[in-house]
Amino acid sequence: MQDKWIRRVALYLSGQTISLFGSMVVQFAISWHVTLSTKNGAQMTIMTLCGFLPQLVIAPFAGVWADRHDRRRMIVWADAMIALSTAILAVLFMRGCDHLWLLYVISAIRSLGNGIQQPAVSALLPDIVPSEHLMRVNGINASIQSVMMLAAPAAAGMLYARMGLQSTFWVDVATAAVGIGILMMLSVPTRVAPAAEGASVTGDMMGGLGYVKRTRWLSQLILFYLVYALMFGPVVLLTPLMVARSFGEEAWRLTAHEMVFAVGSLLGGAAIGFIGDKVRNRIHLLLLGSAAFGLATLVMGFSRDFLFYLIVMGFSGLTMPLINTGVMTVLQQKIAPEFMGRVFGLISIIGSAAIPLSMTIFGPLADVVSVETQLIATGALMTAIAGYMTRFPELIEAGEPLPAPEGGEAAPNKSAPT
């Protein structure tokens, strides 16, 4: 029985990793192409909006669809839509039709596909992983994504430099085909919550929001996630500016800055992969990681030596999987299955909106208040909030594991406390 779920998870993660690699290669290549061919901030802004807005708009609908329909098929159809549109674009580029607006269109389609499949991807994992192993599997998945953050830019740069933009399109088509094939081989229990007679998509959305509102620990966790996502801005978006201003504009410094964070995340995810099954309360781990990340952010603001800065940045990367896997695992374990897609749709909205919203707040502020000061302020606030959240008993209780049924194996997620 144990070997069966391990094989399913190995297949699932393999397919998603292959597909993710192709998608990231294309996204990096498109972004670089627009940057190098236009050298125009307005064009980059349009590109960013095309990459964010469709996903943000479709996420609430995708959450409802993930609860109403077969989640595996949703992922497959979304991947197929992205691959087909990318193949058409590749053919157009090969024939000399390489207008810039086509890249905006393909970025919007890719964003739409990602928005459709993201709630289904997150909600599908609890259907194939026993509850007590979710933390460990999420940690392994976090490490895989960190590896992709290191490998994809290198592959994109090599392909783009040697073979041009259209070559990266075919990489995405091929990896999507492999990912779809693997996913279709996977035997997954079907969890479909049919819509009530006469229920509309909007009505189901409101039902999901009502579930979040009346489930106190869930509303507390989502509020915490939202606040933290907004405060990630200075670390995620402004630290390259800090490196250039305070330590030097050499390209190797920015490369080192990106790499140490990715390596830290890789090690943090690997650690969760090893010890995840032994962590009893996921909320304790989440809050510990959040406090550590906030403390690292605060200390980063006092950096005066580049090597010290890199060490602190690597440590902040190390703590990130504790936050992400903690949030993901608690949601996967404790949300009622019939609402899981809608909750992950809401999480997707927060994730898509937080970065551009954070940038509108902290970006202009960086011309008035130094990045270091912003890091100190947000780091102190994040550390304080993590400590304050320990005073919410419903949230702490939600981090406890589900009781194991007779026979020893943890049961799949069935309900959530309210």
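This structure is a prediction, so every number in the text was calculated from the model and none was measured. (Residues numbered from 1 in each chain as written. Predicted model: local features only at pLDDT ≥ 70, side-chain atom pairs only at ≥ 80, totals over all residues. Heavy atoms only, no water.)

Participant: What's the story with the packing of helix 7 (residues 201-214) against helix 13 (residues 340-365) in this structure? I'm lost.
Facilitator: If you want to describe how two helices pack, look at the angle between their axes and the distance between the axes. The geometry of helix 7 relative to helix 13 is characterised by a closest axis approach of 9 Å and an angle of 85 degrees between their N-to-C directions. On the basis of their axis angle, the class for helix 7 and helix 13 is roughly perpendicular. Counted together, D204, G207, G208, Y211 and V212 of helix 7 and R342, V343 and L346 of helix 13 form the full contact between these two elements. Counted by class, the contact of helix 7 with helix 13 contains 4 nonpolar, 2 polar and 2 charged residues. (Axes fitted to C-alpha atoms, helices over the stretch in contact; angles between N-to-C directions. Helix = DSSP H or I, 4+ residues; strand = E, 2+ residues; numbered from the N terminus. Parallel < 35°, antiparallel > 145°, perpendicular 65-115°, else oblique. Contact = heavy atoms within 4.5 Å. Nonpolar A, V, L, I, M, F, W, Y, C, P; charged D, E, K, R; others polar.)

Participant: It is not clear to me how the pattern of salt bridges should be interpreted in this structure. Could you clarify?
Facilitator: Pairing between side chains of opposite charge can happen when the charged atoms of each approach one another. Evaluated as defined, the whole model comprises 7 salt bridges. Between R71 and D127 there is a salt bridge, with the nearest N and O atoms lying 3.5 Å from each other. On the criterion of sequence distance, the pair formed by R71 in helix 3 (residues 71-94) and D127 in helix 4 (residues 100-128) is long-range, its members being 56 residues apart. The class of R71 is buried, set by a relative accessible area of 3%. Among the salt bridges present, the one from D367 reaches R245, with a minimum N-O distance of 3.5 Å. With a gap of 122 residues between them, D367 in the loop between helix 13 and helix 14 (371-388) and R245 in helix 9 (residues 233-246) connect regions that are remote in the sequence. Taking the relative accessible area as the measure of exposure, D367 reaches 64% and is therefore exposed. (Salt bridge = Lys/Arg side-chain N within 4 Å of Asp/Glu carboxyl O. Buried < 20%, exposed > 50% of the residue type's maximum accessible area, 1.4 Å probe, protein only.)

Participant: Looking at this structure, how should I read the environment of W217?
Facilitator: With respect to the helices and strands, W217 occurs in helix 8 (residues 216-231). Accessibility expressed as a relative area gives 2% for W217, which makes it buried.

Participant: Could you clarify how one ought to interpret the nonpolar core in this entry?
Facilitator: Here is a general trend for soluble globular proteins: nonpolar side chains tend to be buried in one another's company. Ranked by internal contacts, the top residues of the largest apolar core, which has 55 residues, are L221, Y309 and L331. When residues of this core are traced back to their parent elements, those giving at least two are helix 7, helix 8, helix 9, helix 11 (282-300), helix 12 (306-334), helix 13, helix 14 and helix 15 (393-398). Not counting residues within four places of it along the chain, the set of residues in contact with L331 comprises W217, L218, L221, M340, V343, F344 and I347. In terms of nonpolar packing, the next biggest core, distinct from the first, is built from 23 residues, Y12, I116, V121 and L183 among them. (Core = buried A, V, L, I, M, F, W, Y, C linked by side-chain atoms within 4.5 Å.)

Participant: Is there a simple way to explain the side chain of T86 in this structure?
Facilitator: Positionally, T86 belongs in helix 3. Of note is the side chain of T86, whose polar atom sits 2.7 Å from the backbone oxygen of I82. Contact partners of T86, with chain neighbours within four places excluded, come to I106, R110, F169, D172 and V173. (Polar contact = N/O pair within 3.5 Å; in protein donor to acceptor, adjacent residues only side chain to side chain.)

Participant: Sorry, what's going on with the side chain of R8 here?
Facilitator: Take R8: it is sitting in helix 1 (residues 2-38). Classification of R8 by relative accessible area gives buried; the value is 18%. R8 has contacts with I128, L186 and S187, leaving out every residue within four places of it along the chain.

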